[in-house]
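Structural overview for review
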Amino acid sequence: MTSAISLTGLVKTFGTTRALDELDLDVRTGEVHGFLGPNGSGKTTTIRVLLGLLRADAGTVRLLGGDPWADGVALRARLAYVPGDVTLWPAITGGEVIDLMARLRGGLDRRRRDDLLERFDLDPRKKASTYSKGNRQKVGLIAALTSDAELLLLDEPTSGLDPLMEAEFQRCIEEVKAEGRTVLLSSHILAEVEALCDRVSIIRLGRIVESGTLTELRHLTRTSISVETFRPLDGITGLTGIHDLTVDGRHAVFDVDTAHLDEAVRHLSGLGVRSLTSTPPTLEELFLRHYDGADKS
Amino acid sequence: MTTTAGAGILVRFMLRQERRGLPWWLIGSGLLVGYQSVGSQDLYGTPEALAKLRATMTGNAALLAMSGPERLLDTIGGEVVFEIFGFLAILVGLMNMFLVGRHTRTDEETGRGELIRSTRTGRHAPLVAALCVAGIADLAVAIVVFGAAAGTGLPVAGSVLLGAAAAGAGIAFAAMTAVAVQVFENPRSVYGAVGIAIGTAFVLRAAGDIGNPVWSWLSPIGWGQRTFPYAGDRWWPLVLPLAAGAVLVRVALILLDRRDFGDGLLPYRPGRATASWALRSPIGLGWRLQRGSIIGWTAGLLVLGIAYGSFADSVEEYVADNPEIAQYLPGGAAEVVNSYLALVILISALLAGASAVAGAMRARHEETSGRAEPVLATRVSRRAWLGGHVTVTLAGSAVAVAAAGLGHGLAYGIAISDPAQALRLAGVALVQLPAVWLLVAVAVLAIGWLPRAAASVAWTFVGYCAVVAMFADSFNLPDWSRQASPFVHLPQAPLDTVTAPPLLIMSALAAAVLTAGFAGLARRDFGY
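Counting from 1, residues in each chain are numbered in the order their sequence is written. Chains and ligands are labelled sequentially in the order written, the chains with letters from A and the ligands with numbers from 1. Only residues with pLDDT of 70 or above have their local features reported here, since the model is predicted, and side-chain atom pairs are shown and tallied only from 80 upward, although totals for entire chains, interfaces and linings are computed over all residues. Based on all heavy atoms of the structure, the side-chain values leave hydrogens and waters out of the count.

Concerning a negative patch on the surface
Residues and elements named next belong to chain A. Only residues above 30% relative accessible area that lack a salt bridge enter a patch, with like-charged residues linked at up to 9 Å and the nonpolar side chains Val, Leu, Ile, Met, Phe, Trp and Tyr linked at up to 5 Å. Per-residue accessibility takes into account occlusion by the displayed protein chains alone, with areas from the Shrake-Rupley method and a 1.4 Å probe. By convention in these notes, a salt bridge is any Lys or Arg side-chain nitrogen within 4 Å of a carboxyl oxygen on Asp or Glu. Under the counting rule used here, the positive set is Lys and Arg, the negative set is Asp and Glu, and His together with the chain ends is not counted. In this description, the location of a charge corresponds to atom NZ of lysine, CZ of arginine, CG of aspartate or CD of glutamate. Negative charge collects at one region of the surface, where D115, E118, D121 and D162 lie side by side. Labels follow the DSSP assignment, with helices taken as runs of H or I lasting at least four residues and strands as runs of E lasting at least two, numbered in each case from the N terminus. You can see D115 is positioned in helix 4 (residues 110-119). Residue classification places D115 among the partly exposed positions, given a relative accessible area of 40%. Summary of the burial criterion: residues with accessible area below 20% of their type's maximum are buried, those above 50% are exposed, and those between are partly exposed, where the area comes from a 1.4 Å probe applied to protein chains only.

Observations regarding unusual backbone geometry
Residue and element names in this part refer to chain B. Note the cis peptide between A493 and P494, where omega equals 0 degrees. Mapped onto the secondary structure, P494 falls in the loop between helix 19 (454-471) and helix 20 (500-523). With a phi angle near 40 degrees, D233 is a residue other than glycine that sits in the positive phi range. For D233, the location among the structural elements is in the loop between helix 10 (220-225) and helix 11 (239-257). A residue is classified by how much of its surface remains accessible, and D233, at 22% relative accessible area, is partly exposed.

Regarding the packing of helix 14 (residues 336-368) of chain B against helix 16 (residues 382-415) of chain B
All names here are of chain B. Two numbers describe how helix 14 lies on helix 16: the axes approach to 9 Å, and their chain directions differ by 155 degrees. One finds that helix 14 runs roughly antiparallel with respect to helix 16. The two elements helix 14 and helix 16 meet at a crossing, and its hand is right-handed. Residues V337, L341, V344, I345, S348, A352, A356, G359, A360, A363, E366 and E367 of helix 14 form the contact with helix 16, whose participating residues are W385, L386, H389, T393, S397, A400, V401, A404, H408 and Y412. When residue character is reported, Ala, Val, Leu, Ile, Met, Phe, Trp, Tyr, Cys and Pro are called nonpolar, Asp, Glu, Lys and Arg charged, and the others, Gly included, polar. Split by residue class, the contact of helix 14 with helix 16 holds 14 nonpolar, 6 polar and 2 charged. Comment: axis = line fitted to C-alpha atoms, over the contacting stretch for helices; angle = value between 0 and 180 degrees taken between N-to-C directions. Small angles under 35 degrees read as roughly parallel and large ones over 145 as roughly antiparallel, with 65 to 115 read as roughly perpendicular and the rest as oblique. Handedness of a crossing follows from how the near helix is turned relative to the far one, being left-handed for an anticlockwise turn of less than a right angle and right-handed for a clockwise one. We call two residues in contact when some of their heavy atoms are within 4.5 Å.

Looking at the interface of chain A and chain B
On the chain B side, the residues contacting the 38 residues of chain A number 39 residues. Put simply, buried area is the surface a 1.4 Å probe can reach on two separate parts but cannot reach once they are joined, added for both. Summing both partners gives a buried area of about 3,500 Å² for chain A against chain B, and 56% of it is carried by carbon and sulfur. By the criterion of area lost to chain B, the three top residues of chain A are W89(A), R103(A) and L104(A), representing 19% of everything that side buries. At the junction of chain A with chain B, the criterion picks out 3 salt bridges. Where R48(A) meets E373(B), a salt bridge forms, and the shortest distance between an N and an O atom there is 2.6 Å. Here a polar contact means two N or O atoms within 3.5 Å. Within protein one must be a hydrogen donor candidate and the other an acceptor candidate, and residues neighboring in sequence count only if both atoms are side-chain atoms. Where chain A touches chain B, the interface holds 20 residue pairs in polar contact (both at pLDDT 80 or more). Mapped by element, the contributors of at least two residues to the side of chain A that touches chain B are strand 1 (3-14), helix 2 (72-76), strand 5 (79-82), helix 3 (94-105) and helix 4 of chain A. For the side of chain A that touches chain B, the per-class residue count stands at 19 nonpolar, 7 polar and 12 charged.

Digging into the packing of aromatic side chains
Ring pairs (aromatic) are described by centroid distance and by the angle formed between their planes. Residue and element names in this part refer to chain B. When two rings of Phe, Tyr or Trp (its six-membered ring) have centres within 6.5 Å they constitute a pair, described as stacked for plane angles under 30 degrees, edge-to-face for angles over 60, and tilted for the intermediate range. Summed over all chains, the structure comprises 7 aromatic pairs over all chains. Their ring planes at 80 degrees and their centres at 5.3 Å tell us that W385 and F526 sit as a pair that is edge-to-face. Of the two residues, W385 sits in helix 16 while F526 sits in the segment after helix 20, which places them 141 residues apart along the sequence. Taken individually, W385 and F526 each receive the classification buried, so the pair is uniform in this respect. Taken together, W25, F98 and Y191 form an aromatic cluster joined through their ring pairs. Whether a charge sits over a ring depends on NZ of Lys or CZ of Arg being within 6 Å of the ring centre and within 35 degrees of the ring normal. When the ring centre of F228 is taken as origin, the NZ or CZ atom of R71, which lies over that ring, is 4.0 Å away.

In structure tokens form, the structure reads like this:
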């Protein structure tokens, strides 16, 4: 399988700040790749390197088989981009911006444009200075989705959208995926990433700290168990990989490292299970675990 | 008084926001008055010189239209008021317009006003606070103008009146803006409407000074001039701007009570749903972004040219009456008309250059505001992006320079009954174009290599060229210190004979500097 984006050892510094610190990222052709991290972790800087706006200080950058700094124009003809905060020209209408961007990209599919305007319920005749944050974001999204670019770089594209529009956006990305196109979706809305993404990379302080499919990542995390047993809960404190245990008579609630799940379940079944609920780890927990540590360090 | 709750806090907050901008308006007002006062006393300090000036001016409609009522020429202080009051009032009017507009309509549009109104502030508080800030600024103008006039040796009583008259014009325009922000939802429309009102006030007072004085009484600028500072010191017209201000503020508050927050009586008009055929390339975008200022500057320079040109015919007589003037003309007394035209065309070219530098700096603003980023995420290269902006700027400056020359030629041609002057002087003005382009090229060079300092570099260079062009002779600046100004190296048409080499060399230099600027942009990080 080929890679649409491949970054290895990417370093970018601004003055004394090391915004990207030997970042590795691999996005395969045809996948929707979630790019997770809080504000300031380096997501936007990475995307700007991919757009050829910033020159990498070290490392290799491959985008659609080329180097975005050297062959930027040819590569950018094949991608579409939505910034996290769409800023527009105050005196130009949303419809004009969408047309301009499509033409600068190489052509305008008017039927697709009108269809998207209707789906996102946007009035194209309003001057940009009168649009709300959510409507500006819609202009950026429609401008990108109108194109048939093979790669979509989306930098927190849904910030400011209401839940209805968020759902519409997810449908659009499903369609893009069905057409075999590639999406890099930077976000900190975890539900969106869980719903859309095949694989996920988590960035922290300019480095990728986890990367893989959601299933793979779940293995690295804990499962929450709530259990009631027939016999008293002896020996449960001695098990490895148990966290946040509370015992109330024959009822226990705890988290267990997914790697030690089997061991814990065997022990419990030895005690006779009356009822058991297990909750798989959410992306949110995964995310918080990486960042809780970051705050303390 | 609950509708004005919180206004006191807002006044302090607004003054804090204005602490960087406001001093420049005050410095500008002070310099305008002080510079004119020193200059006039130097030129017309004696009663004979003043009498000769009166003789030249009497009945010269073009000059009266640009200046003020003849009665002011009775004293030297009045002569200062005659020359600058109209421009001082425009400056103070613009200051008031921006002060009031920014803290009311613009705040409502950006949503900042919503944040303020969500606290314990009354409905009228932002408008009342903005008007208080404008009032404080006008008081400061009065003090600065008084200081500049009295400090340069003009009588104290007249100087107080001059300061008060300038502040009065400011108050009237602040109150007009207060009404306009209720009417228009779009801040640009507010500034447009008040700008037209200020222009109309200037035209009305011009009509009053040339013909029937009744017209002047319809204009806040006319009210100020007709206090006749130093030439009779008439105090009662100061009541007029205060009364008009009170009425207009009352109207504004009534309108404010009848509209919803964020709305205006005249809402935004819907725009185009689809882009026109022209908006399809970086040049199309550059034109769309710059067309307003290019059209505005072209029209402004055409009018300025007509004003300058209409005086060209009488300049010979004027210099004969006032021989001291000749030292300020590059060709001296020998070729008075041509050296006058060379000087005013140079000034017009400098103004066109300043507007072109502002156009070029727009590209940097596009970069830092993040608006350029999505454009560069398409198949537009940086070279094409900047090229689009700069091409429009260069072409626009050519049109503006030609319009200035055309204006000179039209007015001068009508005066001497020679229509061919229009095209001749348009061509003459275009001789300065390579230097204007070099100003743009330097701005682009700075954008390419020193992006953060680009605005300072570009504007310092413009300021330097203006100082060299206008003050080098009066200040006796040494020859070497003028050499960096491109205008020095071009022929001063129509005084000098125009030859091709200086024009070609200057154009080639501008092209080389532009190329270097583009190369700088291509190799640096974008957006920082």
